[in-house]
Amino acid sequence: MERTFLAIKPDGVQRGLVGEIIRRFETKGFTLVGLKFLQPTKELAESHYAVHKERPFFPGLVEFITSGPIVAMVWEGDGVIASARKMIGATKPLESEPGTIRGDLGINVGRNIIHGSDAPETAQNEIALWFKSEELVSWQPQMTPWLHE
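- As recorded in an unreviewed UniProt entry, the protein chain goes by Nucleoside diphosphate kinase and comes from Brunnivagina elsteri CCALA 953.
- The heading Cofactor (unreviewed entry) in the UniProt record of the protein chain holds the text "Mg(2+)".
- According to UniProt, the comment filed for the protein chain under the heading Sequence similarities (unreviewed entry) is "Belongs to the NDK family."

### A word on the nonpolar core
Then, number 1: Counting 21 residues, the largest nonpolar core has I21, F25 and W75 as the members making the most contacts within it.
Then, number 2: Looking at this core, the elements with two or more residues in it are β1 (2-8), α2 (18-28), β3 (70-77), α5 (80-88) and α6 (101-105).
Then, number 3: Setting aside anything within four residues of it in sequence, one finds F25 in contact with L6, F30, W75, A84, M87, I88, I101 and I114.
Then, number 4: Counting 16 residues, the second largest nonpolar core, distinct from the first, contains A45, Y49, F58 and I127.

### Focus on the sheet that holds β3
Then, number 1: The antiparallel open sheet is built from 4 strands, whose spatial order is β2-β3-β1-β4. At either margin of the open sheet sits one strand with a lone partner, and together these are β2 (31-38) and β4 (114-116). On average, each strand axis in the sheet is inclined to that of its neighbour by 15°, with strand direction left out of account.
Then, number 2: Against the sheet, helix α7 (residues 120-130) makes contact with β1, β2, β3 and β4, and its axis sits at roughly 60° relative to β1, the strand it touches most.

### Some points on the UniProt feature "active site" (unreviewed entry) in the protein chain
Then, number 1: Summarizing the sequence annotation, UniProt attributes the feature "active site" (unreviewed entry) to H115 in the numbering used throughout.
Then, number 2: Looking at the secondary structure, you find H115 in strand β4.
Then, number 3: Assessed through its relative accessible area of 15%, H115 is described here as buried.
Then, number 4: H115 has contacts with F5, L6, A7, K9, H48, I88, R102 and E126, leaving out every residue within four places of it along the chain.

### As for a nonpolar patch on the surface
Then, number 1: Judged by side-chain polarity, M143, W146 and L147 come together as a nonpolar surface patch covering roughly 370 Å² of accessible area.
Then, number 2: For W146, the position within the fold is in helix α8 (residues 144-147).
Then, number 3: On the basis of relative accessibility, which here comes to 77%, the residue W146 falls in the exposed class.

### Examining the pairing of β3
Side-chain positions along a regular strand alternate between the two faces of the sheet.
Then, number 1: In terms of residue burial, β3 counts as a mostly covered element, since 8 of its 8 residues are buried.
Then, number 2: Going residue by residue along β3, you find I70, A72, V74 and E76 tucked away on one face and V71, M73, W75 and G77 tucked away on the opposite face as well.
Then, number 3: As defined by bridge partners, β2 adjoins β3 across 7 bridges and the pair is classed as antiparallel. Pairing of F37 across the sheet is with V71, part of β3.

Definitions and limits used
- Residues numbered from 1 in each chain as written.
- Predicted model: local features only at pLDDT ≥ 70, side-chain atom pairs only at ≥ 80, totals over all residues.
- Heavy atoms only, no water.
- UniProt positions renumbered as here; feature names shortened; annotations may be inferred.
- Core = buried A, V, L, I, M, F, W, Y, C linked by side-chain atoms within 4.5 Å.
- Buried < 20%, exposed > 50% of the residue type's maximum accessible area, 1.4 Å probe, protein only.
- Helix = DSSP H or I, 4+ residues; strand = E, 2+ residues; numbered from the N terminus.
- Contact = heavy atoms within 4.5 Å.
- Pairing = 2+ DSSP bridges.
- Axes fitted to C-alpha atoms, helices over the stretch in contact; angles between N-to-C directions.
- Patch = residues over 30% accessible without salt bridge, like charges linked within 9 Å, V, L, I, M, F, W, Y side chains within 5 Å.
- Areas by Shrake-Rupley, 256 points an atom, 1.4 Å probe, with all protein chains shown as cover.
- Salt bridge = Lys/Arg side-chain N within 4 Å of Asp/Glu carboxyl O.

Next comes the structure, spelled out in structure tokens:
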């Protein structure tokens, strides 16, 4: 099964959207295998956004993600990376389709509620950055046979 990393950003936590976002992924049929509530350190944030280090918006990204608590998650399922990206919507909420998390709940690009890994390699790196292997739980929900062939 494929795994992805998702993080509900400080704006999503502050707005009380954690339950709504988790519900959407559970309803879709994905399995939650890791969950943390934490306030990221500057070092963790800089590592997470290292790919953007040379871009002018990098300091703002780091400042925002460390401005309050986040919910870090690992989800598992067939095609979970691509599906999660579709469920999340475009980076800019105004360009996100209705029905997506950002389309329904987002305000602007600086407050876009959620992060999701964009590729298998990214997911693997982000999961390793945010979670120790012993913090992830492999399990099979009773609904799994009803979702997969």
